[in-house]
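# Fold and geometry: a report
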Amino acid sequence: MMDENTITVGIPTYNRPDNLVTMIKCLQGQTYKNINIIVSDNASNESCGIENIVSEFINNDSRITYFKQDENIGAIRNMLSILECAKSNYFIWVADDDIFEDEFLEELHKALSSNSKASVAITGVDTVDISTKNAIKFDITKYLQQLSGNTIYDRLKNHIIQPAEWGKARLFWGLCKTEILKNAARDVMEQGELNGVDEIFSMQFPLDMQLLVYGDVTIVPKTLFHVHLLPSSNGLREGDMFAGKEIELCDLSYEAYRKVVRNTSLKDNEKKTLIKNINKQER
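Residues numbered from 1 in each chain as written. Predicted model: local features only at pLDDT ≥ 70, side-chain atom pairs only at ≥ 80, totals over all residues. Heavy atoms only, no water.

Moving on, we come to the packing of helix α1 (residues 17–28) against helix α2 (residues 50–60). Packing of α1 against α2 leaves a shortest axis separation of 10 Å and a crossing angle of 15°. In terms of axis orientation, α1 runs roughly parallel to α2. For the element pair α1 and α2, the recorded crossing hand is right-handed. For the pair α1 and α2, contact is made by Pro 17, Leu 20, Val 21, Ile 24, Lys 25 and Gln 28 and by Ile 50, Ile 53, Val 54 and Phe 57, respectively. A per-class count over the contact of α1 with α2 returns eight nonpolar, one polar and one charged. (Axes fitted to C-alpha atoms, helices over the stretch in contact; angles between N-to-C directions. Helix = DSSP H or I, 4+ residues; strand = E, 2+ residues; numbered from the N terminus. Parallel < 35°, antiparallel > 145°, perpendicular 65-115°, else oblique. Left-handed = near helix turned anticlockwise from the far one by under 90°. Contact = heavy atoms within 4.5 Å. Nonpolar A, V, L, I, M, F, W, Y, C, P; charged D, E, K, R; others polar.)

Turning our attention to a positive patch on the surface. On the surface, Lys 157, Lys 272, Lys 276, Lys 280 and Arg 283 cluster together into a patch of positive charge. Sort the elements by how many residues they give to the positive patch and helix α11 (residues 268–282) lands first, with three residues. Structurally, Lys 276 can be placed in helix α11. Of the residues examined, Lys 276 reaches a relative accessible area of 57% and is grouped as exposed. (Patch = residues over 30% accessible without salt bridge, like charges linked within 9 Å, V, L, I, M, F, W, Y side chains within 5 Å. Areas by Shrake-Rupley, 256 points an atom, 1.4 Å probe, with all protein chains shown as cover. Salt bridge = Lys/Arg side-chain N within 4 Å of Asp/Glu carboxyl O. Lys, Arg positive; Asp, Glu negative; His and termini not counted. Charge placed at Lys NZ, Arg CZ, Asp CG, Glu CD. Buried < 20%, exposed > 50% of the residue type's maximum accessible area, 1.4 Å probe, protein only.)

Let us look at helix α4 (residues 104–113). One turn of an α-helix holds 3.6 residues; hence residues three or four places apart share an orientation. Counting buried positions along α4 gives seven out of ten residues, so the element sits mostly inside the fold. Along α4, the residues classified as buried are Phe 104, Leu 105, Glu 107, Leu 108, His 109, Ala 111 and Leu 112.

Bringing the side chain of Asp 96 into the picture now. Counting through the fold element by element, Asp 96 comes out in the loop between β4 (90–93) and β5 (98–100). Of note is the side chain of Asp 96, whose polar atom sits 2.9 Å from the side chain of Thr 13. Here Arg 16 takes part through its side chain, which lies 2.5 Å from a polar atom of the side chain of Asp 96. If sequence neighbours within four positions are ignored, Asp 96 has contacts with Ile 11, Pro 12, Thr 13, Tyr 14, Arg 16, Asn 19, Leu 20 and Met 23. (Polar contact = N/O pair within 3.5 Å; in protein donor to acceptor, adjacent residues only side chain to side chain.)

Its location among the elements puts Ser 119 in strand β6 (residues 118–129). Leave out the neighbours within four places in its chain, and Ser 119 touches Leu 112, Leu 175, Cys 176, Lys 177, Ile 180, Leu 211, Tyr 214, Gly 215 and Asp 216.

Below, the discussion takes up the pairing of strand β2 (residues 35–41). With respect to burial, β2 is a largely interior element, six of its seven residues being buried. Note that strand β1 (residues 7–13) and β2 share seven bridges and pair parallel. Within β2, the position partnered with Thr 13 by the bridge is Asp 41. You can see the chain leave β1, run along α1 and come back into β2, and the turn it takes is right-handed. Two elements, β2 and strand β3 (residues 64–68), share five bridges in a ladder whose sense is parallel. Within β3, the position partnered with Ile 37 by the bridge is Ile 64. A crossover connection joins β2 to the parallel β3 through α2; in handedness this β-α-β unit is right-handed. (Pairing = 2+ DSSP bridges. Right-handed = clockwise from strand over helix to strand, strands pointing away.)

Attention now moves to the packing of aromatic side chains. This model, assessed by the stated rule, comprises nine aromatic pairs. Arranged with centres 5.2 Å apart and planes meeting at 25°, the rings of Trp 93 and Phe 172 form a pair that is stacked. Here Phe 172 lies in the loop between α6 (152–161) and β8 (175–177) and Trp 93 lies in strand β4, a separation of 79 residues in the sequence. For Phe 172, a relative accessible area of 9% gives the class buried. An aromatic cluster is defined as three or more aromatic residues linked by ring pairs; in this entry it consists of Phe 91, Trp 93, Phe 172, Trp 173 and Phe 205. (Phe/Tyr/Trp six-rings, centres within 6.5 Å; stacked < 30°, edge-to-face > 60°.)

So this is what it looks like as structure tokens:
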């Protein structure tokens, strides 16, 4: 039975059994034990043996639940299907190719549960790009701290003016209050009229920005999260999928930002100022 401090951890996965094993072991090693783990397999090839792998974990860890989609429904819808299953007060998605320290969830829960004004908590992050000949490592923690703000206007402005490469999309992968995250996801689906769209790309799904409408971001300044950019990473695979559509998708991304702003309770002059900032970034 879940109590008010239970965290649901959602793992969307597809055709990467080795990465999935590493992530589940990482979660089992967390100092914060009050978690439920939901693995959603986006119709991986049977040859991957993902179901058998997860079943072995389940035999020894009752906190794990496994689902397999009947067909590939796209990365975003697979993630949302996990969220809809969550019944705990706290929720976080983790990618099967990321790594974090043992105290990652404990520090996030401590930060979010003690901040009534926050909708999401994230730790410091460093990114290691090993898809290149010589690995490149950079820490984006100081940039993430700049997203915080006392008002919706301040937070949205901070998000809009920050370059994408500084990591603002990490909010998508933060620890959230589940009901807020569900509401924010529904808002984005409705604003973007995405319910009937076959494939939803992350660029047109500004959940990170929508979360800032509901509350502040609280930052654990320790660098506890490590993003590994691999040739098989979701972002790179998605890049292959929209090859030749980059301009179209960038346009969709900026329009998605504008829709978030238009649907806030901000004053008209504040909305106009924010949209001007979005238009500047688009150029």
